[in-house]
There are 2 protein chains.
Amino acid sequence: MSLYKDFIEKFSHIQLLRQIEQLLEWDQQVCMPAAAVEIRSKQLAYLASLLYKETTSAAYRDALEAMIDINTENIKIKDLSFTEAANLREWARDFKRMTKLTKSFIQTYYTVVTKATEVWKEAKKTANFALFSPWLQKVVALNQEKANLLGYTTTPYDALLDLYEPGITTEDLSSLFSDLEYFLLDKVKRTSGKNSPYEVYFEGSFAQADLMSFNQLILDSLGLYNNHNSRVDFSVHPFCMGIHPTDVRFTIHKDNGLLENIFATLHEGGHALYELGLSKEEWATPAGQAASMGLHESQSRWWEVMVGKSLPFWKYFYPKFQMIFPQFKQLALSDFYQHINHIRPSCVRIYADEITYPLHIILRFKLEKQLIEGTIEVEDVPHLWNDEMKRLLGITPTNDAEGCLQDIHWSSGSFGYFPTYALGNIYAAQCFHAFEQSFPAWKENIATGKFSFMRDWLRERIHQFGRIYSVAQIIQSITETPMAVQSYKEYITQKYTNLAIF
Amino acid sequence: MSLYKDFIEKFSHIQLLRQIEQLLEWDQQVCMPAAAVEIRSKQLAYLASLLYKETTSAAYRDALEAMIDINTENIKIKDLSFTEAANLREWARDFKRMTKLTKSFIQTYYTVVTKATEVWKEAKKTANFALFSPWLQKVVALNQEKANLLGYTTTPYDALLDLYEPGITTEDLSSLFSDLEYFLLDKVKRTSGKNSPYEVYFEGSFAQADLMSFNQLILDSLGLYNNHNSRVDFSVHPFCMGIHPTDVRFTIHKDNGLLENIFATLHEGGHALYELGLSKEEWATPAGQAASMGLHESQSRWWEVMVGKSLPFWKYFYPKFQMIFPQFKQLALSDFYQHINHIRPSCVRIYADEITYPLHIILRFKLEKQLIEGTIEVEDVPHLWNDEMKRLLGITPTNDAEGCLQDIHWSSGSFGYFPTYALGNIYAAQCFHAFEQSFPAWKENIATGKFSFMRDWLRERIHQFGRIYSVAQIIQSITETPMAVQSYKEYITQKYTNLAIF
């Protein structure tokens, strides 16, 4: 057997362990009886320690090092396919990253973020930043240590960003986001700041079963067949978990509003399609894993926003929607379309519209970058947050619960993650622009319920590659230009000009 | 730290691995998308190999051997509690058993039974024993080899029986079952062999949601609070999985009839109460595990039959049942009670009544004992089965699908398991007799909806002990007599005489 095949044979159980870990996490959010939380944390801690041991063992390193120089990434064996060579490169990078973090660091880190998350929940509930502040200090310090262990050349924030969006630097983001901020600030100023005039139609309650019927129509169109290779459930926070291309699970929020749930279905469904489109054959290798969090987010935003908030989409679905929810028979499609694209600054990121959303991310990026670089103090976060919110969106949170305490990410240690949300929008717009040129008739197809050509295009141009190519390479190959914010700006200008919003 | 505490600290991850394995099995039956079956079998095979490695390692053996002589069970360390000493004894027994089966045997065994189960499904579907016969031969041969590896003195069947019901021998069973057979044959002869006259009331369809409402009342009474420390779902075959005393999951059959589902809820709920009653502190040790499959079955039959098919139970529940299912307002409680205890021989074990059920087990016990002892051939099974069915129940299966192909157990290799179903009834009746003497007013309590005194009694007298005591010791302590069939016979005679059935 070749060294490469032997390596797969010997170490594919590592990916099985990751899948099992994911299943336990999914189960915890969706099925697990509440009282089992303590034993579940023991099960997960054991799996994590086993995974660490297996991915950093001498046997693993030696087997990998026999095929590739882990430091220089020079490949030592011959006759590899392009995919096999890419896998070696990604395994080497993963190994380097994993072994830089010591076991004791990881243990301390998880103990602190677990506790910090509990404290954050309480602090958010009582809008009490002082309660969370000492824990945020600990988490920031640990992330600074993490960045030092991982190594960087320019700023420690680069090391953290690289965990979620390989290939993008803090400098790239700063320039990208300053361009975007300038553009969006101008747009926000042109909006009314008032509620949608059609808000009243969405105030009543609705039957859960009706929502599920309508969602099922969407899932069928997207090609997500419940209980075949995917499933949808309810959970406190919507999420998607791709255990394997034959086992992709996502959730929507049980108690949320009608539109929120429909767009969550499209958003998580977009994530699910990416996971389902990964290679089954490469399930145990990086070629079978998503390229980055930003590219993942581009897939969810593609279906949620580029498609799901487009007129053609609702030309097809609105009559069906009105059949299931007859109260909307009084609301014209054009008004419904206006409503779902209404722009209004609000303090809470997860309810933000398409224009203000990236500004929420830019705010977080600036603050977390400065925290990690040590140029601002944790205690200054609330007033810096509020000042920036005023400057960007013209509003001030009434308290820290809807201000700097609103998101879980910092308490769970995910510094470097937020920017991927904005990158997702940029990637999506850029790829969509290329897609429109290949399929000028996409609107007519979507408006008559044809979706598979679009899903197939994404699968062929993005999903199937896994980590074989970098995000930059994927974007370049689709758009024939480097990653840039131009398409996103054009898309926004055109759409909202047509909507007569600006 | 003491050797004992050190051992727990070092090896409790073995129990975590078992819990994780159980969760994956539960998920496969209840949640998993169908297409994931292939990757799931890889995940489970990996966990099984890891468990085998961990439970047979030299490090594990040495740590255990430092505390107890694994062969003689002589304890080498001092100042142990009764529970701690019992745990050492059970760990030693488990280790001896596990290391007798070689890794290559286990791999061959699981490969064969996995394939045999697939073939059995097809054979049952087409009522084609010839298709299954060569695979049954393989499974029998592997079970003979298993018995040889495990070791025995009198008959190889003893070695298999011991896996499910430690302490019971084939000789015990033969004498017990021949006594029972003589008793039950006489009873069966006195029944009409006709359908219940009230069958017509149960022929219509019913709303799933109504069944769930009624089941919820039962679960509340039993003290099974969905989503707190347990949960109920639907699956193809009802089962109960006790992952931990804070995470017990059971299922009922989605497409089954109304009564079948209610009694399945009581049956699986009885299993669940046993698992919930095990010690939380001893979760990682034998003291936190159920004593035997037979004792487990006694708990399910207790709630399903001794309670669930009793008049006091329905005095309380029948008015509620009639509220939810108004079609039963025409059927008097006494007639309903008569109906649920109607006796009529049928070919299919899982639909059998209280009187004929043990005869189905006795038939299987005799056949599987002879198969393992090599005194009958696999090819003779169909006609031996049919002859015995005629002799015991006076009926003949129309084909092998409702004859010797009806159960999954043999294809999955579980020789030695069937007897525990009959033992469960015997244990339940014997313990119930003792219970009645302690609580002569149990009927009045149950008839007014008081259930907790009964659950507490079972918890105190059975559940909390786990494997600290043998089943024989538990029965002796409750009833002050050894295990015997007398109480069961008295219970049957009294109940069915009162029902004027014989």
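Criteria and thresholds
- Residues numbered from 1 in each chain as written.
- Chains lettered and ligands numbered in written order.
- Predicted model: local features only at pLDDT ≥ 70, side-chain atom pairs only at ≥ 80, totals over all residues.
- Heavy atoms only, no water.
- Axes fitted to C-alpha atoms, helices over the stretch in contact; angles between N-to-C directions.
- Helix = DSSP H or I, 4+ residues; strand = E, 2+ residues; numbered from the N terminus.
- Parallel < 35°, antiparallel > 145°, perpendicular 65-115°, else oblique.
- Left-handed = near helix turned anticlockwise from the far one by under 90°.
- Contact = heavy atoms within 4.5 Å.
- Least-squares fit on C-alpha atoms with pLDDT ≥ 70 in both.
- UniProt positions renumbered as here; feature names shortened; annotations may be inferred.
- Polar contact = N/O pair within 3.5 Å; in protein donor to acceptor, adjacent residues only side chain to side chain.
- Nonpolar A, V, L, I, M, F, W, Y, C, P; charged D, E, K, R; others polar.
- Pairing = 2+ DSSP bridges.
- Buried < 20%, exposed > 50% of the residue type's maximum accessible area, 1.4 Å probe, protein only.
- Buried area = accessible area lost by both parts, 1.4 Å probe.
- Salt bridge = Lys/Arg side-chain N within 4 Å of Asp/Glu carboxyl O.
- Expected span 1.5 Å × (residues − 1).
- Bend = angle between axes of the 7 residues up to and from the residue.
- Phe/Tyr/Trp six-rings, centres within 6.5 Å; stacked < 30°, edge-to-face > 60°.
- Patch = residues over 30% accessible without salt bridge, like charges linked within 9 Å, V, L, I, M, F, W, Y side chains within 5 Å.
- Areas by Shrake-Rupley, 256 points an atom, 1.4 Å probe, with all protein chains shown as cover.
- Lys, Arg positive; Asp, Glu negative; His and termini not counted.
- Charge placed at Lys NZ, Arg CZ, Asp CG, Glu CD.

1. Overview of the packing of helix 10 (residues 258–277) of chain A against helix 11 (residues 293–307) of chain A
All names here are of chain A.
1) Next: Put simply, helix 10 and helix 11 touch, their axes get as near as 7 Å, and they point 135° apart. If you check the angle between helix 10 and helix 11, you find them oblique. For the pair helix 10 and helix 11, the crossing hand works out as right-handed. Contacts between helix 10 and helix 11 pair Phe 263, Leu 266, His 267, Gly 270, His 271, Leu 273, Tyr 274 and Glu 275 from the former with Leu 295, His 296, Glu 297, Gln 299, Ser 300, Arg 301, Trp 303 and Glu 304 from the latter.

2. A short note on the relation of the copies chain B and chain A
1) Next: For the match of chain B to chain A, the screw axis carries a shift of 0.0 Å, the RMSD comes to 0.0 Å, and the turn is 180°. Taken together, the rotation and translation relating the two chain copies correspond to the operation of a two-fold axis.
2) Next: Most of the interface of chain B is mirrored in chain A: 100% of its interface residues are interface residues there too.

3. Focus: the UniProt feature "binding site: Zn(2+)" (unreviewed entry) in chain A
All names here are of chain A.
1) Next: Residues given the UniProt feature "binding site: Zn(2+)" (unreviewed entry) here are His 267, His 271 and Glu 297. Taken together, the annotated residues stretch across 31 residues yet fold into one region, lying no more than 8.6 Å apart by C-alpha.
2) Next: Take His 271: it is sitting in helix 10.
3) Next: Those residues in contact with His 271 that sit more than four places away from it in its chain are Cys 240, His 296, Glu 297 and Ser 300.
4) Next: Among the polar contacts listed, one links the side chain of His 271 to the side chain of His 296, at a separation of 2.9 Å.
5) Next: Assignment of secondary structure puts Glu 297 in helix 11.
6) Next: The residues contacting Glu 297, other than those within four sequence positions of it, are His 267, His 271, Thr 420, Tyr 421 and Gly 424.

4. Remarks on the packing of helix 16 (residues 419–438) of chain B against helix 18 (residues 452–461) of chain B
All names here are of chain B.
1) Next: Contact pair helix 16 / helix 18: the axes reach a minimum separation of 12 Å and the direction vectors enclose 125°. Here helix 16 lies oblique to helix 18, going by the angle between them. Between helix 16 and helix 18 the crossing geometry is right-handed. Contacts between helix 16 and helix 18 involve Cys 431, Phe 432, Phe 435 and Ser 438 from the first element and Phe 453, Met 454 and Trp 457 from the second.
2) Next: Its residues assigned to classes, the contact of helix 16 with helix 18 shows 6 nonpolar, 1 polar and no charged.

5. Things to note about the sheet that holds strand 3 (residues 247–253) of chain B
Residue and element names in this part refer to chain B.
1) Next: Read from one edge to the other, the open sheet built from 3 strands follows the order 1-3-2, with strand pairing classed as mixed. Two strands close off the open sheet at either side, each with one partner strand: strand 1 (230–235) and strand 2 (240–244). In this sheet, neighbouring strand axes are inclined to one another by 20° on average, regardless of whether the strands run parallel or antiparallel.
2) Next: With 4 bridges joining them, strand 2 and strand 3 adopt antiparallel strand pairing. From the neighbouring strand, Cys 240 faces strand 3, where its bridge partner is Phe 250.
3) Next: Sitting on the sheet, helix 1 (residues 3–30) is in contact with strand 1, strand 2 and strand 3, with an inclination near 145° to strand 2.

6. So, the pairing of strand 2 (residues 240–244) of chain A
1) Next: Counting buried positions over the 5 residues of strand 2 of chain A gives 5, a clear majority of the element.
2) Next: From the end of strand 2 of chain A to the start of strand 3 (residues 247–253) of chain A, which pair antiparallel, there are 2 residues.

7. Observations concerning the interface of chain B and chain A
1) Next: Of the residues lining the interface, 34 residues belong to chain B; the matching set on chain A comes to 34 residues.
2) Next: Per-residue buried area on chain B facing chain A is highest for Pro 33, Ile 39 and Tyr 46 of chain B; these three make up 21% of the total on that side.
3) Next: If you look at where chain B meets chain A, you find 4 salt bridges.
4) Next: The closest approach of N and O atoms between Arg 40 of chain B and Asp 247 of chain A, which form a salt bridge, is 3.7 Å.
5) Next: At the boundary of chain B and chain A, one finds 12 residue pairs in polar contact (both at pLDDT 80 or more).

8. Section: helix 11 of chain A
Residue and element names in this part refer to chain A.
1) Next: For helix 11, which comprises 15 residues, the first-to-last C-alpha distance of 20 Å matches the rise-based estimate of 21 Å (1.5 Å per residue) to within 8%.
2) Next: Its maximal kink placed at Arg 301, helix 11 deviates by approximately 40°.
3) Next: For helix 11, a buried count of 14 out of 15 residues is recorded, marking the element as mostly surrounded by other parts of the structure.
4) Next: By the N-cap criterion, in which a side-chain oxygen at the helix start approaches the backbone nitrogen of a residue two or three places on, helix 11 is capped by Ser 292, the distance to Gly 294 being 3.3 Å.

9. Comments concerning the packing of aromatic side chains
1) Next: Within this structure, the stated rule accounts for 95 aromatic pairs over all chains.
2) Next: Measuring from ring centre to ring centre gives 5.4 Å for Phe 82 of chain A and Tyr 469 of chain A, while their planes differ by 35°; the resulting arrangement is tilted. Of this pair, Phe 82 of chain A sits in helix 4 (residues 82–100) while Tyr 469 of chain A sits in the loop between helix 18 (452–461) and helix 19 (471–479); the two residues are 387 residues apart in sequence, bridging distant segments of the chain.
3) Next: Residues Trp 385 of chain B and Trp 410 of chain B carry aromatic rings whose centres are separated by 6.1 Å and whose planes lie at 90° to one another, so their mutual orientation is edge-to-face. Linking Trp 385 of chain B in helix 15 (residues 381–393) with Trp 410 of chain B in the loop between helix 15 and helix 16, this pair joins segments that are 25 residues apart in sequence.

10. A word on a positive patch on the surface
1) Next: A surface patch of like charges, here positive, comprises Lys 53 and Lys 103 of chain A together with Lys 53 and Lys 103 of chain B.
2) Next: For Lys 53 of chain B, a relative accessible area of 51% corresponds to the exposed category.

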